[in-house]
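Descriptive structure summary
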Amino acid sequence: MRKTLLSCVVASAMALACTATSFAAVTYGEDNQLTVAYTADGNKLAVTSGWNADDAQVTLLVVKGDNPSTISDGDILYIDQQAKDAAATAFASVGLLGETALAEGTYTVKAGGSAGNVYTSTFTIAADAPVVEYLDFVWGDVTNDSASDIKDAGAILLSALEGGDKQPGGTPYEIGASVALKDVTFTWGDVTNDAASDIKDAGAILLSALEGGDKQPGGTPYEIGASVSLAK
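For the structure given in this document, a descriptive report is provided here. Everything numeric in this text was worked out from a predicted model, so none of it was measured.

About the criteria used
Residues numbered from 1 in each chain as written. Predicted model: local features only at pLDDT ≥ 70, side-chain atom pairs only at ≥ 80, totals over all residues. Heavy atoms only, no water. Helix = DSSP H or I, 4+ residues; strand = E, 2+ residues; numbered from the N terminus. Buried < 20%, exposed > 50% of the residue type's maximum accessible area, 1.4 Å probe, protein only. Contact = heavy atoms within 4.5 Å. Areas by Shrake-Rupley, 256 points an atom, 1.4 Å probe, with all protein chains shown as cover. Phe/Tyr/Trp six-rings, centres within 6.5 Å; stacked < 30°, edge-to-face > 60°. 1 Å grid on protein atoms, 1.4 Å probe; cavity = no way out; pocket = protein on both sides within 12 Å on 5 of 7 lines; lining within 4 Å. Points joined across faces, edges and corners; volume = space filled by probe spheres on them. Nonpolar A, V, L, I, M, F, W, Y, C, P; charged D, E, K, R; others polar. Core = buried A, V, L, I, M, F, W, Y, C linked by side-chain atoms within 4.5 Å. Salt bridge = Lys/Arg side-chain N within 4 Å of Asp/Glu carboxyl O. Polar contact = N/O pair within 3.5 Å; in protein donor to acceptor, adjacent residues only side chain to side chain. Pairing = 2+ DSSP bridges. Arc of directions from axis to C-beta.

Secondary structure assignment for the protein yields four helices and twelve strands. Per-residue burial for the protein yields a buried fraction of 36% across its 232 residues. Expressed as a percentage of contacts within the protein between residues at least 6 apart in sequence, the contacts between residues at least 24 apart total 56%. When the accessible surface of the protein is split by element, carbon and sulfur atoms take 53% of a total near 13000 Å².

Applying the stated criterion to the full structure yields ten aromatic pairs. Both rings, one in Trp139 and one in Tyr222, keep their centres 5.2 Å apart while their planes meet at 55°; by these two values the pair is tilted. Note that Trp139 is positioned in the loop between β9 (134–138) and α3 (150–159) and Tyr222 in the loop between α4 (199–208) and β12 (227–231), a separation of 83 residues in sequence. Residue classification places Tyr222 among the partly exposed residues on the basis of a relative accessible area of 27%.

Turning our attention to empty space enclosed by the protein. In the structure shown here, the tally under the stated rule is one cavity of 30 Å³ or more. One number sums up the size of the largest cavity: a volume of about 70 Å³. Lining the largest cavity we find Phe137, Val138, Trp139, Gly140, Asp141, Val142, Phe186, Thr187, Trp188, Gly189, Asp190 and Val191. Secondary structure elements with two or more residues in the lining of the largest cavity: β9 and β11 (185–187). A per-class count over the lining of the largest cavity returns seven nonpolar, three polar and two charged.

Here Pro172 shows up in the loop between α3 and β10 (178–180). Note on Pro172: relative accessible area 46%, which makes it partly exposed. When the C-alpha positions of Pro172 and Asn144 are compared, they lie 8.6 Å apart, and in sequence the two are 28 residues distant. Ignoring any residue separated from it by four or fewer positions in sequence, one finds Pro172 in contact with Leu135, Gln167 and Trp188.

Below, the discussion takes up the nonpolar core. Ranked by internal contacts, the top residues of the largest apolar core, which has 20 residues, are Leu45, Trp51, Leu60, Phe91, Leu96 and Val109. Listed by contribution, the elements that provide at least two residues to this core are β3 (44–49), β4 (57–64), β5 (76–83), β7 (105–113) and β8 (117–125). When neighbours within four sequence positions are excluded, Leu45 is seen to be in contact with Val36, Ala37, Tyr38, Val62, Phe91, Ala92, Ser93, Val94, Leu96, Val109 and Phe123.

With that settled, consider the pattern of salt bridges. Here the structure, examined in full by the defined rule, presents three salt bridges. In this structure, Asp145 engages Lys151 in a salt bridge whose closest nitrogen and oxygen atoms are separated by 2.7 Å. Here Lys182 and Asp183 are joined by a salt bridge, their closest N and O atoms 3.8 Å apart. Here the two residues Lys182 and Asp183 agree in accessibility, since each one is exposed.

Right, let's get into the environment of Trp188. Mapped onto the secondary structure, Trp188 falls in the loop between β11 and α4. Trp188 sits in the buried class, given a relative accessible area of 3%. Residues Trp188 and Asp141, spaced 47 residues apart in sequence, show a C-alpha to C-alpha distance of 8.9 Å. Among the polar contacts listed, one links the side chain of Trp188 to the backbone oxygen of Tyr173, at a separation of 3.4 Å.

A word on the pairing of strand β2 (residues 35–39). Every other side chain in a regular strand lies on the same face of the sheet, so the side chains alternate between the two faces. In this structure, β2 lies alongside β3, joined through five bridges in antiparallel fashion. Across the sheet, Thr35 pairs through a bridge with Ser49, a residue of β3. What sits between the antiparallel neighbours β2 and β3 is a turn of four residues, in which Gly42 has the positive phi angle 90°.

On to α3. Among all positions of α3, only Asp152, Ala153, Ala155, Ile156 and Ser159 are buried. Looking down the long axis of α3, one finds its buried residues gathered within 165° of arc, a one-sided arrangement. Of the residues in α3, the exposed ones pointing more than 90 degrees away from the buried face are Ile150 and Leu158. Elements that come into contact with the buried residues of α3 comprise α4.

In structure tokens, the structure reads:
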């Protein structure tokens with residue numbers, strides 16, 4: 001009896017997968033008429049409405065792909081048949097094949113009843129957006145105090161001396177270090193755009209504080225003292 005029932009369910013599923021030309025008795029409803037919601041936690045799908053409520057029996061089929069024209073055993077994620085009165089409850093939370101969440105891609109849900117009406121919806125699992133970290137700092141600040149001033153000029157000069165502190169204030173990079181980020185590479189403490197952090201940068205930081213002082217010496221991308229946020 002169980003084998004016979006399973007055969008009937010599989011046959012119904014295959015009928016759902018057929019095209020209208022190859023299975024003339026099937027009437028296809030409007031696409032995306034089924035209301036579906038996927039939950040990664042527990043790998044479950046809820047199909048809450050959309051099929052013909054008057055059908056005595058309703059078969060639910062969930063497969064991989066965007067409404068594929070042919071379906072193999074490996075494509076089937078769920079298949080079941082329920083009586084009219086039990087379908088709404090049974091299909092409100094169905095566990096899909098496999099214990100892990102669905103991979104990125106498009107999946108198809110088909111629901112059809114004993115009257116030969118088939119309704120189809122698709123849903124897509126998008127790839128997780130990459131987490132982007134940012135480096136937030138003040139251009140010309142090498143002392144980690146959110147300002148570019150006389151202290152930074154002095155720190156740049158002292159860093160050139162033997163034993164000089166190259167990371168005053170616990171900055172993320174040493175003065176003069178090459179910083180390679182996602183979209184840009186620059187030298188830490190270089191405000192004169194010459195790929196070095198030296199006496200010229202110390203002088204430029206001091207001069208930038210004066211009225212009319214050049215805040216972008218050498219055509220640097222940012223003004224001395226400007227807040228900068230760059231993707232790592």
